[in-house]
Number of protein chains: 2
Amino acid sequence: MAKVLIIGAGGVGSVAAHKCAQVPEVFSEIVLASRSVDKCEAIRDSVKQRTGREIEVAQVDAGQKSELVALLQKVKPAMVLHLALPYQDLTIMEACLECGVDYLDTANYESEDNPCFDYSRQWPFDESYRNKGIMGLLGSGFDPGVTNVFCAYAAKHYFDEIHYIDILDANGGDHGYPFATNFNPEINIREVTARGRYWENGQWVETEPMEKKWVFDFPGIGPKDAYLLYHEELESLVKNIKGLKRIRFWMTFSEQYLKHLEVLGNVGMTSIEPVMFEGREIVPLQFLKALLPDPASLGPRTKGKTCIGNIMEGVKDGKPRKIYIYNNCDHEECYREVGSQAVSYTTGVPAMIGAMLMVNGVWRKPGIYNMEQLDPDPFMEQLNQHGLPWQVKEL
Amino acid sequence: MAKVLIIGAGGVGSVAAHKCAQVPEVFSEIVLASRSVDKCEAIRDSVKQRTGREIEVAQVDAGQKSELVALLQKVKPAMVLHLALPYQDLTIMEACLECGVDYLDTANYESEDNPCFDYSRQWPFDESYRNKGIMGLLGSGFDPGVTNVFCAYAAKHYFDEIHYIDILDANGGDHGYPFATNFNPEINIREVTARGRYWENGQWVETEPMEKKWVFDFPGIGPKDAYLLYHEELESLVKNIKGLKRIRFWMTFSEQYLKHLEVLGNVGMTSIEPVMFEGREIVPLQFLKALLPDPASLGPRTKGKTCIGNIMEGVKDGKPRKIYIYNNCDHEECYREVGSQAVSYTTGVPAMIGAMLMVNGVWRKPGIYNMEQLDPDPFMEQLNQHGLPWQVKEL
């Protein structure tokens with residue numbers, strides 16, 4: 001039984017608040033804080049309506065350590081679930097350290113000026129967290145998060161050594177608009193314009209943006225174009241999975257989606273450089289955002305499934321083996337359950353499970369950890385209990 | 001020897017001013033007027049530099065009949081070449097009528113509120129122009145204009161009766177940008193979103209926008225996708241070409257161009273409905289225009305050719321016959337000669353030739369005329385003299 005503080009009132013924060021509220025025997029008190037307290041209040045009302053539970057709300061600027069410390073001192077939570085922006089990882093980690101409160105996030109730190117995946121600013125907290133006797137769990141979403149646990153689970157039960165890992169993330173959802181984005185369009189655009197990167201034979205290999213495509217037949221969805229991207233879980237998995245020869249990450253983008261991004265880029269609509277228009281500066285990307293459907297409006301109208309999982313190849317008892325562990329998650333079922341679609345659901349549920357395993361002591365130990373460093377079995381069991389059941393296929 | 005007034009200082013007005021200046025034995029004095037006198041001055045300087053001739057400039061709002069009348073009374077031209085916007089056809093025709101001055105245009109009247117091709121507001125001037133003893137020549141550009149003359153020429157020399165006419169307009173120019181438009185993007189967008197229309201067996205047949213495509217191998221360019229559109233010359237040709245069974249108009253649009261228009265339409269960037277953004281109304285299409293390359297900047301960088309012509313099929317001396325009359329025009333050569341590329345050149349040169357045949361009396365007679373109602377031979381001869389040579393192919 002513990003009191004937890006959730007920071008962030010976007011889609012993921014909302015899912016986590018609903019899912020924590022579904023487990024009162026673990027999460028006895030829930031406080032939800034964000035810069036916009038009205039967003040917290042809307043989530044509070046939905047949680048009340050769907051679960052009958054009351055949660056508290058609070059206002060905080062997660063970029064300001066002093067505000068965070070004041071809130072932590074007031075709320076006195078057992079732990080913080082940081083589900084706001086990755087730019088805020090460090091200030092929240094510092095506030096938790098100062099107040100002696102456990103920490104969990106779902107995405108690694110990026111600076112706003114030069115965003116890129118990189119754990120080098122978060123891993124060094126390990127010593128101070130150990131000294132303080134607190135725990136920091138990094139990347140407890142789906143990818144990173146569940147995909148790391150899939151690796152640990154496979155390493156524990158299916159392989160003596162894993163040589164090849166391909167993580168495949170497909171969103172087969174259809175919102176019915178010709179073009180819209182689930183998350184911040186800036187992040188979407190950055191994903192497809194960034195150079196790809198994977199790890200092979202002990203070194204990182206770079207690719208052109210969208211250079212490598214794999215048409216993969218996703219269970220529950222069908223064939224989709226998946227493109228090789230760099231993704232943060234690769235950085236910890238190459239350290240923690242022994243014997244690895246290659247690891248890659250793939251994400252699906254539809255032709256339609258890429259066509260729209262290409263054209264909008266061509267005409268300058270995705271630029272963040274202001275242009276003068278009718279006597280004042282306008283940032284084209286901001287104007288584009290104003291034209292596009294509000295990401296929050298997509299939830300009620302998105303049909304179809306996500307499919308995220310790992311194909312892993314290696315040896316067991318001297319014989320080659322290849323397995324695929326994956327989850328299918330249905331957008332409409334998620335929306336019915338918690339009022340958010342699957343992209344938020346698949347991140348918010350693992351955040352709740354990670355927090356549960358920390359507050360009930362199953363996973364808790366001082367220091368900074370990535371998901372694959374902890375025993376996968378209890379996490380895998382909870383996934384089946386809380387809406388993200390998984391399958392293992394021998395290939 | 002005559003004094004002429006050119007109204008309009010866009011690309012076509014500029015070409016006409018340069019070409020008139022090249023024929024001092026016909027156009028002894030040239031006045032160029034527009035709402036923006038600085039545009040007129042830039043053209044005046046270019047004409048001076050390229051031909052050594054001085055032209056006069058003047059300021060006029062062509063939408064205001066009183067301003068036009070005052071200008072005509074001051075300038076006292078033999079005729080007006082109206083090369084401004086089609087919205088202004090009626091005010092200029094009325095001013096010419098009041099002042100007893102001949103009139104020529106290159107595009108038929110459209111109202112700004114409900115733009116569509118339609119001669120019904122211009123043809124009724126016929127009686128008043130006859131009574132006043134003045135002439136109005138409608139559509140003396142390339143299409144309409146030269147394409148109408150090609151029909152009259154074919155009817156005079158190649159056929160006893162023409163049954164089928166296909167007018168094909170290809171722009172094989174490449175400006176090197178992923179997306180840009182030669183003319184006003186609103187007009188470009190209207191072209192590809194309007195329903196198609198052609199005439200067959202005595203009646204008009206409507207098509208969906210871009211429903212009918214013809215991959216035609218254009219001389220000097222190669223195969224291009226041409227789409228059936230409605231175009232104004234069809235309206236007069238079905239009246240004036242006897243025995244006609246079908247007439248259609250086709251224009252090329254590249255896949256790349258259509259893809260950009262589709263995406264920009266999908267996200268709402270081509271809308272003329274204002275949206276609220278940062279506290280004030282912004283018209284998306286206006287903002288898009290501000291992002292796109294200035295159409296005037298395309299001239300110096302456009303390579304390749306246009307190809308516009310007619311395929312005509314009918315009978316001569318009891319035998320079936322099929323011919324193709326067309327012109328190729330090279331963007332870079334046009335730019336070198338007059339500082340505009342071929343899209344403006346192919347419209348401005350026929351305007352000058354039409355004016356020449358009016359002021360030297362060869363075509364002049366009181367009333368309102370479309371091009372195919374006049375003797376095609378002198379016009380065809382002048383095309384060869386003034387930069388738009390044509391070819392006839394027997395098919």
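Computed from a predicted model, the values in this text were never measured in an experiment.

Rules used in this analysis
- Residues numbered from 1 in each chain as written.
- Chains lettered and ligands numbered in written order.
- Predicted model: local features only at pLDDT ≥ 70, side-chain atom pairs only at ≥ 80, totals over all residues.
- Heavy atoms only, no water.
- Buried < 20%, exposed > 50% of the residue type's maximum accessible area, 1.4 Å probe, protein only.
- Helix = DSSP H or I, 4+ residues; strand = E, 2+ residues; numbered from the N terminus.
- Arc of directions from axis to C-beta.
- Least-squares fit on C-alpha atoms with pLDDT ≥ 70 in both.
- Contact = heavy atoms within 4.5 Å.
- pLDDT = per-residue confidence, 0-100.
- Salt bridge = Lys/Arg side-chain N within 4 Å of Asp/Glu carboxyl O.
- Pairing = 2+ DSSP bridges.
- Axes fitted to C-alpha atoms, helices over the stretch in contact; angles between N-to-C directions.
- Parallel < 35°, antiparallel > 145°, perpendicular 65-115°, else oblique.
- Left-handed = near helix turned anticlockwise from the far one by under 90°.
- Nonpolar A, V, L, I, M, F, W, Y, C, P; charged D, E, K, R; others polar.
- Buried area = accessible area lost by both parts, 1.4 Å probe.
- Core = buried A, V, L, I, M, F, W, Y, C linked by side-chain atoms within 4.5 Å.
- Domains from an automatic or database assignment.
- Polar contact = N/O pair within 3.5 Å; in protein donor to acceptor, adjacent residues only side chain to side chain.

Listed as buried for helix α10 (residues 284-291) of chain A are Pro284, Leu285, Phe287, Leu288 and Leu291 of chain A. Along α10 of chain A, the residues classed as buried sweep out an arc of 160° about the axis, all on the same side.

Superposition record for chain B on chain A: RMSD 0.1 Å, screw rotation 180°, translation along axis 0.0 Å. Both copies are brought into coincidence by an operation consistent with a two-fold rotation axis. No C-alpha of chain B lies nearer the rotation axis than that of Val263 of chain B, which sits 3.4 Å from it. Both copies present the same face, since 100% of the interface residues in chain B are matched by interface residues at the equivalent positions in chain A.

Summary statistics for chain A give a mean pLDDT of 94 and a share of 97% for residues scoring 70 or more. Here the predicted complex scores 0.75 on pTM and 0.70 on ipTM.

Take the pattern of salt bridges next. Evaluated as defined, the whole model comprises 42 salt bridges over all chains. The closest approach of N and O atoms between Glu54 of chain A and Lys48 of chain A, which form a salt bridge, is 3.1 Å. With a relative accessible area of 39%, Lys48 of chain A lands in the partly exposed category. Note that Glu394 of chain B and Arg321 of chain B form a salt bridge whose closest N and O atoms lie 2.3 Å from each other.

Residue and element names in this part refer to chain B. Burial along strand β6 (residues 135-138) is two-sided: the face carrying Met135 and Leu137 and the face carrying Gly136 and Leu138 are both buried. Relative to β6, strand β5 (residues 102-105) runs parallel, the two being bridged by two bridges. Of the residues in β6, the one forming a bridge with Tyr103 is Gly136. In terms of strand pairing, β6 meets strand β17 (residues 367-370) through four bridges, oriented parallel. Pairing of Gly136 across the sheet is with Ile368, part of β17.

Glancing now at the sheet that holds β6 of chain B. Residues and elements named next belong to chain B. An order of β3-β2-β1-β4-β5-β6-β17 is seen for the seven strands of this open sheet, with the pairing classed as parallel. Where the open sheet ends on each side, the last strands, each with one partner, are β3 (56-59) and β17. Averaged over all pairs of adjacent strands, the angle between strand axes in this sheet comes to 20°, irrespective of strand direction. As paired elements, strand β4 (residues 79-82) and β5 share four bridges and run parallel to each other. Bridge pairing links Leu81 to Leu104 in β5.

Our focus in this paragraph is the environment of Ser46 of chain A. Positionally, Ser46 of chain A belongs in helix α2 (residues 37-51). Along the primary structure Ser46 of chain A and Ile282 of chain A are separated by 236 residues, whereas in three dimensions their C-alpha atoms are 36 Å apart.

Another point: the packing of helix α6 (residues 146-157) of chain A against helix α8 (residues 233-240) of chain A. Residue and element names in this part refer to chain A. It is the contact of α6 with α8, at a shortest axis distance of 10 Å, that shows an interaxial angle of 20°. On the basis of their axis angle, the class for α6 and α8 is roughly parallel. Note on packing geometry: the crossing formed by α6 with α8 is right-handed. In this structure, α6 uses Thr147, Asn148 and Cys151 to contact α8, whose residues at the interface are Glu233, Ser236 and Leu237.

Below, the discussion takes up the packing of helix α1 (residues 11-21) of chain A against helix α12 (residues 342-359) of chain A. Residue and element names in this part refer to chain A. Where α1 meets α12, the axes come as close as 8 Å, and the angle between the chain directions of the two elements is 50°. Regarding the angle of α1 to α12, the classification is oblique. Of the two elements, α1 crosses α12, and the hand of that crossing is right-handed. Along the contact surface, α1 presents Gly11, Val12, Val15, Ala16, Lys19 and Cys20, while α12 presents Ser344, Tyr345, Thr347, Gly348, Val349 and Met352. Its residues placed into classes, the contact of α1 with α12 shows seven nonpolar, four polar and one charged.

Let us now look at the side chain of His175 of chain B. By secondary structure assignment, the location of His175 of chain B is in the loop between β7 (161-171) and α7 (185-193). Dropping the residues within four chain positions of it, His175 of chain B is found in contact with Ala180, Leu298, Arg301 and Thr302 of chain B.

Turning to unusual backbone geometry, a few remarks are in order. Working note: non-glycine residues mostly have negative phi, and peptide bonds are mostly trans. Between Asp143 of chain A and Pro144 of chain A the backbone carries a cis peptide bond, its omega angle lying at 10°. Summarising the element assignment, Pro144 of chain A is placed in the loop between β6 (135-138) and α6. The residue Asn201 of chain A is not glycine, and still its phi comes out positive at about 50°. Within the element layout of this structure, Asn201 of chain A appears in the loop between β8 (196-200) and β9 (203-207). Judged by relative accessible area, which is 59%, Asn201 of chain A ranks as exposed. Residues other than glycine seldom take positive phi values, yet Glu278 of chain B does so here, at roughly 45°.

At the junction of the two partners, chain B supplies 24 residues and chain A supplies 24 residues. With both sides pooled, the region where chain B packs onto chain A buries about 2,200 Å², and carbon together with sulfur makes up 72% of that total. The interface formed by chain B and chain A contains two salt bridges. For Lys259 of chain A, the salt bridge goes to Glu262 of chain B, with nearest N and O atoms at 2.8 Å. Sorting the residues of the side of chain B that touches chain A by element identifies α9 (255-266), β13 (275-277), β14 (280-282) and α10 (284-291) of chain B as the ones contributing at least two each.

Next up on the list: the sheet that holds strand β4 (residues 79-82) of chain A. All names here are of chain A. Ordered in space as β3-β2-β1-β4-β5-β6-β17, the seven strands form an open sheet in which the pairing is parallel. Looking at which strands have only one partner, the edges of the open sheet turn out to be β3 (56-59) and β17 (367-370). Strand-to-strand, the axes of this sheet are offset by a mean angle of 20°, without reference to chain direction. Of the strands in this sheet, β2 (27-34) and β3 touch α2, which is tilted by about 170° from β3. Its contacts with the sheet put helix α5 (residues 125-132) on β5 (102-105), β6 and β17, and the angle it makes with β17 is roughly 125°.

Okay, the nonpolar core next. Residues Phe27 of chain A together with Phe27 and Leu81 of chain B are the most contacted members of the largest nonpolar core, which totals 186 residues. Phe27 of chain A has contacts with Ala2, Val4, Cys20, Arg53, Met352, Ala355, Met356 and Val359 of chain A, leaving out every residue within four places of it along the chain. Counting residues in each nonpolar core, the second largest holds 28 residues, with Ile7, Met93, Tyr103 and Tyr129 of chain B among its members.

Right, let's get into the environment of Ala170 of chain A. Residues and elements named next belong to chain A. When you line up the elements, Ala170 lands in strand β7 (residues 161-171). Taking C-alpha positions, Ala170 is 8.5 Å from Lys305, a pair spaced 135 residues apart along the chain. Setting aside its immediate chain neighbours within four residues, Ala170 contacts Phe218, Ile221, Thr252, Lys305, Thr306 and Cys307.

Once that is clear, we can look at the domain arrangement of chain A. All names here are of chain A. Examined at the domain level, chain A breaks down into domain 1 (2-141 + 345-390) and domain 2 (146-340). Computed over C-alpha atoms only, the centres of domain 1 and domain 2 are separated by 22 Å. With 36 residues of domain 1 at the interface, the matching set in domain 2 holds 31 residues. In this assembly, domain 1 and domain 2 are joined by three salt bridges. The salt bridge partner of Lys156 is Asp375, with a shortest N-O separation of 2.7 Å. The tally of links between domain 1 and domain 2 comes to 15 residue pairs in polar contact (both at pLDDT 80 or more). If you list the elements that add at least two residues to the side of domain 1 that touches domain 2, you get α1, α12 and α13 (376-385).

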